[in-house]
Amino acid sequence: MKIRNNFIKENITGYLFILPQMIVFLAFLVYPILEGIRLSMYRINYQNERFVGLDNYVSLFNDPVFFKALMNTVIFVVFIVILTVGFALFVASAVFDKNAKYVSFIRGSYYIPVMVSMVVMSMIWSFLLNPANGLISYFAKDMGMGTFNLLGNKTTVLPIIIFVTFATNVGQAIILYIAAMIGVPKDLFEAAEIDGANRWQVIRKILIPSVSSTTVYISIINIIAVLKIFVVIQLLTGGGPNNSSVTLMYYLYNNAFKYNQLGTASAVGVIMFVITLVLSVPQLRSIIKAK
Amino acid sequence: MKRKRLLATVAALALMISVISGCSGSGDKSSTADSSDKNKVNITVWLTPQWKGVLDASEKGADYDSFFKYAAQKFKAQYKKYDANVKVEVIAADQRDQLLNVNLSGGTPPDIFFESIFPMGDYVHRGAMVPIDDIIDEKAKSDIAQSYWDASTFGGKTYFYPFEHNPGTLVYNADMFKAAGLEKYVGKENEIKTWSLDEYQEILDGLKNDLPKDKYSNAYPMGLFALNNQGDTWNLAYLRMFGNKFFDDQGNVILNDQNGAKAAAWLKKIYDGGYTNPGAESVSSNDTNAMFQNQQLAISFTNPVLFNNSKISMKDGKSPKFDIRLANIPSESGDPLAFTYVVGASVFQSGDAKRVEVAKDFVKFFSSDPELVKSSKNGIPVRSSVVKQFEGTNPLFAAYDADSKYMFNFTGSVPGYSQLREVLYPALQALYTGEESPEEVVEDYQKNANRVIGENKKNSIIFNP
């Protein structure tokens, strides 16, 4: 009993200090997750809720649009994350050891799109790509290429969205990589130089392994961000043509806010949560192990 | 050491208490304010953009909320039951369902919503609204035609107080018609011209082939759109062109027949034939409206509000001036396809009896006050007394009236109409992109639409009283 009292006395201050944060964490993160899981098993009206077990999940798996959304989301995650990590590594490794002013300029240039709202970016792209009166269509027609509709074509709509999202987000990854690469001990590069390693060998054998924890971090935040991709879909394609660009988040939004199917929307949310968990846990474990 | 720990513990407790008290502080404050003045009742009116100004858009500083702000002032001045405050908020039409669903789920719906009835019927089916039969008197019933009350009635109870209506028609650029040598198809200034389907094809041919390119570069005969659900009633009308009735008596979609497939094939034919703007699958009704105003389209869609706004924009020099006139949507039978959006106020169930009472009183006030109902002239008034007052100055009222016998109920009053709208434009996108044939489109659409209707019937308080 005395030992227990001592333990409480010793640690109570620490627990009290983290208590406010824990309350916020429990109220705004844990509770919504548990409530989402509960709601996914109910049919909800404005006036009442009715327990329906796994019916919402069954109706989801019977809906071809849900599978389209799932597939599109996976495609977006894979391509956007690979493009972001690859391009950011390329840019960062090319400039990190250059003149400080030049590095700042590159960082600033790539970071500006990150600061611009996704809504604004989507509207600009929409203006450019509108098939009836957009700038790209206008020039294409002027040059005798006829009219083409990149957003209305099943095969081009996904690459366009991937490019727009990648171009808007890549600045963040470049900033993180440059910061991580500047922090790599200089003696490693000097040793490599003495050993006669070329630039590619330096990048492959020293830089990439040294910034692996940054790579994991960038991958995780991008996976989570892309899983939630929504604004660009809503403003650029509305999920079209014929649901070709619908994503899980857009599907969830439609169910929750347009159709008022809160149970179905919660079921989509739970599935997204599980996917995020499955994708993130191995990478988080690798960071923890490395530390 | 002990003292240090004590200080730290106190600091942590203080921090925690300040967080907790910070959270609860605002709640205490508001409840005090509520209890201090029991006769004060605050209600909120939401509306989607309808018309600018109190009486019309020519007033100085005219905006979409001008009418309700003025009506609220007038109401407050004469209202004796409570000290009523009316807050007016204009909501973008494409944000309506999102905002309403979020606020209804959070228990904070608006008290009154002023909007076309067609997208609001879902909220009646879901039990979010209160019937307003108790505020409708005999005088109103005799002044407003039965068809408008029918559109406002669900399961035998009235949920909307009709104010005006907005018939949907086509609008055309008469100057472009004349430039293409199509003078004989131009109607009179105050006429809603009816063309047969063959005549319409001749018009499209003339506009496509004979429009002078130097004067109208980058212009197309007709506007077509399927990006989202905005303006989809015109698309629904086109699908009825060859005689399909769209709904059966049980409220199920019956588009999948020969006439439905023929209509879908007609849309595909004019799209592929270059008679419409390109990229209809990615173009919104707003885009085509803008293109029409910029004289890039010769024929587009309109309703009286859009039509008046276009005329005012031209008069004020905000958009290019040209001769705009109205036409009906043609059909194979020769009878025009006509529909109207009945616009009116509805009262949401806030759970607060006082607020519901004030909301109903306010709805009755602005929907029947002789001065305020004059504003319904911005659309087409539902009150025959107002039509009589203005038919001399607005000859189009008679033309719209002549169309009333061709009106069809485009919603079928089915539950889940909002969700039903979300399956139409993907089907049209599949049609325009060639992903599906016209036959496949109507078949898939009917299957998806009836699934939506079936699901929503389960939750409807009208179908499950």
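Residues numbered from 1 in each chain as written. Chains lettered and ligands numbered in written order. Predicted model: local features only at pLDDT ≥ 70, side-chain atom pairs only at ≥ 80, totals over all residues. Heavy atoms only, no water.

By the naming in an unreviewed UniProt entry, chain B is ABC transporter, taken from Paenibacillus pini JCM 16418.

Within an unreviewed UniProt entry, the label attached to chain A reads ABC transporter, and the organism entered is Paenibacillus pini JCM 16418. Its UniProt record gives chain A the following Subcellular location (unreviewed entry) comment, quoted word for word: "Cell membrane". (UniProt positions renumbered as here; feature names shortened; annotations may be inferred.)

Chemist: Help me understand the packing of helix H3 (residues 64–95) of chain A against helix H9 (residues 199–210) of chain A, please; the structure alone is not making it clear to me.
Modeler: Two measures define how a pair of helices packs: the angle their axes make with one another and the distance between the axes. All names here are of chain A. Here H3 crosses H9 at 110°, and the two axes come no closer than 11 Å. By the angle between their axes, H3 is roughly perpendicular relative to H9. Crossing angle aside, the handedness with which H3 passes H9 is right-handed. Packed against H3, whose contacting residues are Leu89, Ser93 and Ala94, the element H9 presents Arg199, Ile203, Leu207 and Ile208 at the interface. When its residues are assigned to classes, the contact of H3 with H9 shows five nonpolar, one polar and one charged. (Axes fitted to C-alpha atoms, helices over the stretch in contact; angles between N-to-C directions. Helix = DSSP H or I, 4+ residues; strand = E, 2+ residues; numbered from the N terminus. Parallel < 35°, antiparallel > 145°, perpendicular 65-115°, else oblique. Left-handed = near helix turned anticlockwise from the far one by under 90°. Contact = heavy atoms within 4.5 Å. Nonpolar A, V, L, I, M, F, W, Y, C, P; charged D, E, K, R; others polar.)

Chemist: Quick question: what am I supposed to make of the pairing of strand S10 (residues 324–327) of chain B here?
Modeler: Where a strand is regular, its side chains alternate between the two sheet faces. Residue and element names in this part refer to chain B. Side-chain alternation along S10 places Ile324 and Leu326 on one buried face and Arg325 and Ala327 on a second face that is also buried. Here strand S6 (residues 161–173) pairs with S10 via four bridges, running antiparallel. Residue pairing in the sheet places Asn173 in a bridge with Ile324 of S10. Of the pairings in the sheet, the one linking strand S7 (residues 192–193) to S10 comprises two bridges and is parallel in character. Within S10, the residue paired with Ile192 across the bridge is Leu326. (Buried < 20%, exposed > 50% of the residue type's maximum accessible area, 1.4 Å probe, protein only. Pairing = 2+ DSSP bridges.)

Chemist: Would you take a moment to explain unusual backbone geometry for this structure?
Modeler: Most peptide bonds adopt trans geometry, and most residues besides glycine take a negative phi value. Residue and element names in this part refer to chain A. Cis peptide bonds are those with omega within 30 degrees of zero, and the linkage from Gly240 to Pro241 qualifies with 0°. By secondary structure assignment, the location of Pro241 is in the loop between helix H11 (231–237) and helix H12 (248–258). We note that Asn242 has phi near 50°; this positive angle belongs to a residue other than glycine. According to the relative accessible area criterion, Asn242 is buried, its value standing at 10%. Although it is not a glycine, Asn243 adopts a positive phi angle of roughly 65°. Summarising the element assignment, Asn243 is placed in the loop between H11 and H12.

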